[in-house]
Amino acid sequence: MDASWFWPEGALALLMVGAFAFGAFKLKLPISIAMSLAAVLGALAGGFGVPLRHLVEGMFGYIDTILIIACAMIFMKTVQHIGLLDALAAWGIRRFRAVPLMLCVLVTFLVMLPGMLTGSSTAGCLTTGALVAPVLLRLGVSKTRAAAAIAMAAIYGMIAPPIDIPVMIIGGGIDMPYVGFALPLLLATIPLALFSSLWLLYPVLRKDGDVDAAGLEAELRRMERTPLSPRLFLPFGVLLVLMGGEQLFPGRFPSLGMPLQFLLASAAGLLSGVRCNPLEVATEAVRDALPVLGILMGVGMFIQVMTLTGVRGFVVVSALAIPAWLLYASIATTIPLFGAVSAFGAASVLGVPFVLALLGKDQILVASALALISGLGDLMPPTALAGIFAAQVTGEEDYFAVLRHCVVPGVATALWGIGMIVWANPLAALLR
C-alpha cells in the first residue's frame, strides 16, 4: 500500500523524525526505545498498521554488527581485567614523560584503541579514557581539556579500522562489502587524531608547570599492580594472528568471522597468568555494550519502516536533487546535527542517500568520509555521548565547557571529511 494514501512521504519523514526527537529529548526515553516507537508510529501513519514482520526483520538487520560489538567488548574487558591496559599505560607514561610530543601520541592511541576494536566511542571514554584521565589531571591538564582530548580520541577510534560501524551501516544500505576500507579510514582519522591531541594537550604538557609529582607517582604505582610481561599480550597476539592470517592468506587460512576471532582471543587471556573470571568479564562487557546494541536494533527498525513506507526513497531522491554547490554544505551540517540523535542513525538515514548522490566518486573514500563526519554526532547535545562520558571520567560537571574545547577539532574534522569527498578519486588512486 502506498504511504501517499495517508501521508505524503515528506510529511511522514518529518513525523518519524519528530516523534523520535520528542521521545528522546522531551520524554527522556532511551534512544533505542524512542527510535522503535517512531518506527511504529511511521508504519501506522503510512497505513501499514503494526507490521511485526518488518519490525522484527529490521531489529535483526544489523545482527552481524551487533555480534561483532558484543564480542569485541568482551575482548576489551578481558585485557582490562588482566591488567594489560593499566600496565601498558603506566609504562608508556614513564617512558615518554619527558617527551611531551610522544606522550600526546601515546595517550591518544590508548583512548582510540577500544573504539577501534568495538566501533563505539563510549567504550573508549569508559575504559582507557577513564584510565588516562587521572594521569592527565596530575600532569596539569585542566578537566575540560582532558575531557575534550578523550572525547575526540574516542570518536576517531570509533571511525578507525578494523571496526567502523557507520561504514558498515552505509555499506549495508548500498550492498557494498566491508572490504578495502583500512587505508581510507586511517587517512580519515590518524592525521586528525594527531592534530587534536597536539591542539588540546601539547601546549599544557610542554610547559610542565603544575605537575602533581607525588599524586602522579601514586597513580602510576596503582596502575602497575600487574607487572608488564609478554604473557599479558597473548590475547592481542592471538587476535593479530587470526585477523592477519585471514587477510594475508585468503582461502588457505580459516575464515572464522570477527565475533569468533574476538572470543578466541579473549579465551587466550585465561593463559596470561592473571586470574580472571570469564563469566564476570562477559557479563560486564555485555552490560556496557547494551546501549549501543539497543541503538542498532532501533536504527534497524527505523530504517526498515522508512523503506516500507517510501520515506527512504524520498530522502534519497531529495539528496540527489540538492544542487552540487549546496551538497557539501548539507553533508557537513545535517549529518552531525542528525548525529545528536545517533551517529549510527545519521550514517543510515543520511549517509546512504549522500553516497548515492555522489556515485561519480570513489565509493569507499566517500563512505569513509561520511562515517568520519557522522562521528561528530557524538559531540552534539543533548545526547553528546562522547562529551558527556569524557566529562564524567574527568569529574567535570559542565559538559558544555568540554564541548567548547572540541569546536576547533570538530570543524577541522568536518572540513577534512569534505576534502576527502572532493578529492575522493585522486586519493583512491594514491591509496591503491
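About the criteria used
Residues numbered from 1 in each chain as written. Predicted model: local features only at pLDDT ≥ 70, side-chain atom pairs only at ≥ 80, totals over all residues. Heavy atoms only, no water. Helix = DSSP H or I, 4+ residues; strand = E, 2+ residues; numbered from the N terminus. Rg over C-alpha atoms; globule rule 2.2 N^0.38 Å. Buried < 20%, exposed > 50% of the residue type's maximum accessible area, 1.4 Å probe, protein only. Contact = heavy atoms within 4.5 Å. Areas by Shrake-Rupley, 256 points an atom, 1.4 Å probe, with all protein chains shown as cover. Lys, Arg positive; Asp, Glu negative; His and termini not counted. Charge placed at Lys NZ, Arg CZ, Asp CG, Glu CD. Axes fitted to C-alpha atoms, helices over the stretch in contact; angles between N-to-C directions. Parallel < 35°, antiparallel > 145°, perpendicular 65-115°, else oblique. Left-handed = near helix turned anticlockwise from the far one by under 90°. Nonpolar A, V, L, I, M, F, W, Y, C, P; charged D, E, K, R; others polar. Salt bridge = Lys/Arg side-chain N within 4 Å of Asp/Glu carboxyl O.

**Digging into the overall build of the protein chain**
1) Next: Tallying secondary structure elements over the protein chain gives 23 helices and zero strands in all.
2) Next: Its C-alpha atoms give the protein chain a radius of gyration of 22 Å, near enough to 22 Å, the size a compact globule of 432 residues would have.
3) Next: By its C-alpha atoms, the protein chain is 70 × 50 × 45 Å across when sized along the principal axes.
4) Next: Within the protein chain, buried positions represent 53% of all 432 residues.
5) Next: In the protein chain, the share of contacts with a sequence separation of at least 24, taken over all contacts with a separation of at least 6, comes to 80%.
6) Next: A total of about 18100 Å² of accessible surface is found on the protein chain, and carbon and sulfur atoms cover 70% of it.
7) Next: Positive and negative side-chain charges of the protein chain, numbering 23 and 22 respectively, have mean locations separated by a distance of 6 Å.

**Here we look at the environment of Pro 203**
1) Next: One can find Pro 203 in helix H11 (residues 202-207).
2) Next: Look at Pro 203 and you get partly exposed, because its relative accessible area is 27%.
3) Next: Remark: the alpha-carbon pair of Pro 203 and Pro 336, spanning 133 residues in sequence, is separated by 28 Å.

**Side note on the packing of helix H15 (residues 278-309) against helix H18 (residues 343-357)**
1) Next: Where H15 meets H18, the closest approach of the two axes is 9 Å, and the angle between their N-to-C directions is 20°. Relative to H18, the element H15 is oriented roughly parallel. Crossing of H15 against H18: the hand is right-handed. Every residue of H18 that contacts H15 at Val 292, Ile 295, Leu 296, Val 299, Phe 302, Ile 303 and Met 306 is listed here: Phe 344, Gly 345, Ser 348 and Val 349.
2) Next: Residues that form the contact of H15 with H18 fall into these classes: nine nonpolar, two polar and no charged.

**Overview of the pattern of salt bridges**
1) Next: Here the structure, examined in full by the defined rule, presents seven salt bridges.
2) Next: Between Glu 57 and Arg 53 there is a salt bridge, with its nearest N and O atoms 3.3 Å apart. Of this pair, Glu 57 and Arg 53 both sit in helix H3 (residues 52-59), four residues apart, which is roughly one turn of that helix.
3) Next: The salt bridge partner of Arg 222 is Glu 219, with a shortest N-O separation of 2.8 Å. One end of the pair, Arg 222, and the other, Glu 219, are both in helix H12 (residues 213-223), three residues apart, so they sit about a helical turn from each other.
4) Next: Of the residues examined, Arg 222 reaches a relative accessible area of 33% and is grouped as partly exposed.

**Overview of the environment of Leu 327**
1) Next: Tracing the backbone shows Leu 327 in helix H17 (residues 324-338).
2) Next: For the pair formed by Leu 327 and Leu 358, sequence separation is 31 residues and the distance between their alpha carbons is 9.4 Å.
3) Next: If sequence neighbours within four positions are ignored, Leu 327 has contacts with Ala 319, Ile 322, Phe 354, Ala 357 and Leu 358.

**Details of unusual backbone geometry**
1) Next: With an omega of 10°, the peptide bond running from Pro 161 to Pro 162 counts as cis.
2) Next: Among the structural elements, Pro 162 can be located in the loop between helix H8 (143-159) and helix H9 (165-173).
3) Next: The phi dihedral of Lys 28 is positive, around 60°, even though this residue is not glycine.
4) Next: Lys 28 sits in the exposed class, given a relative accessible area of 65%.
5) Next: You will see that Asp 175, though not glycine, has its phi angle at about 60°, which is positive.
6) Next: Mapped onto the fold, Asp 175 is located in the loop between H9 and helix H10 (182-200).

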